[in-house]
Amino acid sequence: MNPISDIFTGKAVSSGDILLELSYLIAALLFVFGLKRLSHPETARKGNLWAAGGMLLAMVTTAILHRNDAGNGIPMANLMIIIIAIGIGATIGWIVARKVKMTAMPQLVSLYNATGGAASALVALLEFPKAMAGNVGSLLVTILGLIIGAVAFSGSLVAYGKLDGKVGDIRAGYMKYINLVLMAVTLLFGAWLIFSGGNPVEQIWAVWLLFALALLYGVLFVMPIGGADMPVVISLLNALTGIAAAMAGFIYHNQAMILGGILVGAAGMILTILMCKAMNRSLLNVIIGAFGGGGAAIDREMGIMKEITVSDAAVLLNYSQKVVVIPGYGLAVAQAQHIAHELDNILESRGVDVRYAIHPVAGRMPGHMNVLLAEADVPYEKLVEMDDINPDMHNVDVAIVIGANDVVNPAAYDDPSSPIYGMPIIDAHLARNIIVMKRGAGKGYAGIENFLFFNDKTRMFYGNAKDSLQKLAAEIKNM
Amino acid sequence: MEQILQFFFENKEAIFIIALSIFLGIEVISNVPAVLHTPLMSGANAISGVIIIGGIILVGHADLSGFTIDLILGVLALIFGTLNVVGGFAVTDRMLEMFKKKKTQKAN
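Cut-off values and rules
- Numbers given to residues run from 1 along each chain, matching the order in which its sequence is written.
- Chains and ligands are labelled by the order in which they are written, letters from A for the one and numbers from 1 for the other.
- Whole-chain, interface and lining totals are the exception, using all residues; otherwise, since this is a predicted model, local features are given only for residues with pLDDT of at least 70 and side-chain atom pairs are given and counted only at 80 or more.
- Only heavy atoms go into the side-chain values, all of them from the structure, while hydrogens and water stay out.
- What fixes the domain bounds is an automatic or database domain assignment.
- Secondary structure follows DSSP: runs of H or I at least 4 residues long count as helices, runs of E at least 2 residues long count as strands, and numbering of each begins at the N terminus.
- Exposure classes here rest on a 1.4 Å probe applied to the protein chains alone. A residue is buried below 20% of its type maximum, exposed above 50%, and partly exposed in between.
- Note on contacts: a residue pair is in contact if any heavy atoms of the two residues lie within 4.5 Å.
- As used here, buried area is the combined drop in accessible area, with a 1.4 Å probe, of two parts when they are placed together.
- For salt bridges, the criterion is a side-chain nitrogen of Lys or Arg within 4 Å of an Asp or Glu carboxyl oxygen.
- Two N or O atoms count as a polar contact when they lie within 3.5 Å, although within protein this holds only if one can serve as hydrogen donor and the other as acceptor, and sequence-adjacent residues are included solely when both atoms are side-chain atoms.

### Quick look at the domain arrangement of chain B
Okay, step 1: Here the domain parsing of chain B yields domain 1 (1–31) and domain 2 (38–107).
Okay, step 2: Put simply, the middle of domain 1 of chain B and the middle of domain 2 of chain B, counted by C-alpha atoms, are 24 Å apart.

### Looking at unusual backbone geometry
Where the residue is not glycine, phi is negative for most of them; where a peptide bond is considered, it is trans in most cases.
All names here are of chain A.
Okay, step 1: Phi is positive for His 253, close to 50°, though the residue is something other than glycine.
Okay, step 2: Inspection of the secondary structure assignment puts His 253 in the loop between α8 (230–251) and α9 (255–278).
Okay, step 3: Since its relative accessible area comes to 55%, His 253 is described here as exposed.
Okay, step 4: For Asp 377, which is not glycine, the phi torsion reads 70° and is therefore positive.
Okay, step 5: By the element assignment, Asp 377 lies in the loop between α14 (368–375) and β3 (383–385).

### Section: the interface of chain B and chain A
Okay, step 1: Between chain B and chain A, the contact holds 83 residues from the first and 112 residues from the second.
Okay, step 2: Between chain B and chain A the total buried area reaches about 8,600 Å² when both faces are included, carbon and sulfur atoms providing 77% of it.
Okay, step 3: Across the chain B-chain A interface, the total number found is 3 salt bridges.
Okay, step 4: In this structure, A:Arg45 engages B:Asp93 in a salt bridge whose closest nitrogen and oxygen atoms are separated by 2.8 Å.
Okay, step 5: For the pair chain B and chain A, the number of links is 16 residue pairs in polar contact (both at pLDDT 80 or more).
Okay, step 6: The element best represented in the side of chain B that touches chain A is helix α5 (residues 69–107) of chain B, accounting for 34 residues.

Dropping the structure here:
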């Protein structure tokens, strides 16, 4: 076989180079197939492993076979440092992923997304001085990688803090103007760096300043967005991390990085839009944070909320035939999924049919509630999706709403002024009796009055979801 | 303008990849059930850790003659990238493990 040479540079290509590019192709294909399989319940777990295998392959072949432009491979000393660094990251990543509580899963996803963004930003930061002065293309991808990576990093950290209850919201109207100005300044400054034609080595101060601006923008961008909207934001930030990685792929002319990054970017954007649709809101609406703002202007006769005692609730449940549990954010926060399952076991043993109605955005992330209930060993067939349970809701004797609020608010049907008008809800109001477990009489996260609570058929059961369920389970056991 | 066109020409393969990957990403994700949104997000997040390749190249060809800030940042990038990859895939697997458990119960 004749020696192969690079069609662009004319440089001689070794068999190692060919093997490396081939491994990138396989890795890229594994990413695509893995992601495809991840989107179907039966094949999801294998899909994840496929993608992980692709990543491992690309990592190993890069470490062994990569040569720089001068044709040198990676020296032994550098290889040792790489192995140690990867060892540290892998150990921490693995242990944390295995140890974390299922309820804290969304925070962790956000945290890992932050590390990905940070890695992209750092790579761009370090590659900037190597970019050629005046080469608009290479400067463009480096600067974009830096800005996007930094925003994904600091934004994901704030999202992590919010999901973990460590960071509050800043809900001032002026925030959006500050953010618009800051975004414009960051982008203009980045554009100046690209087009100024200055020597990148002399502009290192400027690129650090740009890094700081982008970090600040990431923080301020997520700050005004409410906790309930975090899943959408994390999905968006996830898409950004992918795009940042793809930009770095341009720097290294690495097709696996470009494909993997853009694939995640596109998939993340679609997932973000799907999540917005499940809440019947536009992405712009989420980002600007109009939620909880307007609406509620209607002055409606609300009536009074009626409480129920533990024993009354126990009697009601014990003599029902069909009970539907509607879990929400409050159940996840109180970590009450295990005791909820215990209660349903007791009721089942008394011949009561118990099912769980899962709203698409119940919990802290779409699908999070399913994971939590699965962890508590609630059988799969007891989890019913919203569209399947709603037609049967009028046959249900008791609907127990545990820590859910907006997902059962009938205002979504009949109050056009409500911010959640048009959002699909679980029709708890159609059940013969409704028990609402809630911490207090206050409004929900979105600050919207829930007409369900004032319904004649509704009884309020105040207290922490876990304590309330425990009391209720004990009471029914004694009957 | 001329430079941008030149950039397009020099990177035309990569730009083709981008255009097709966007389409691919959209196709692969559409029709995913809501139950899988969280694991899918988490799995995609792990794939975005592909930046780790960049980290390996960066540290792999770094100058080790001096102990510089650049080297520290490079190693940091590599550690962060690994966290993203390993943590991301491990967390996704743990979430999906839950679904698996339910299915075996169903079979019983």
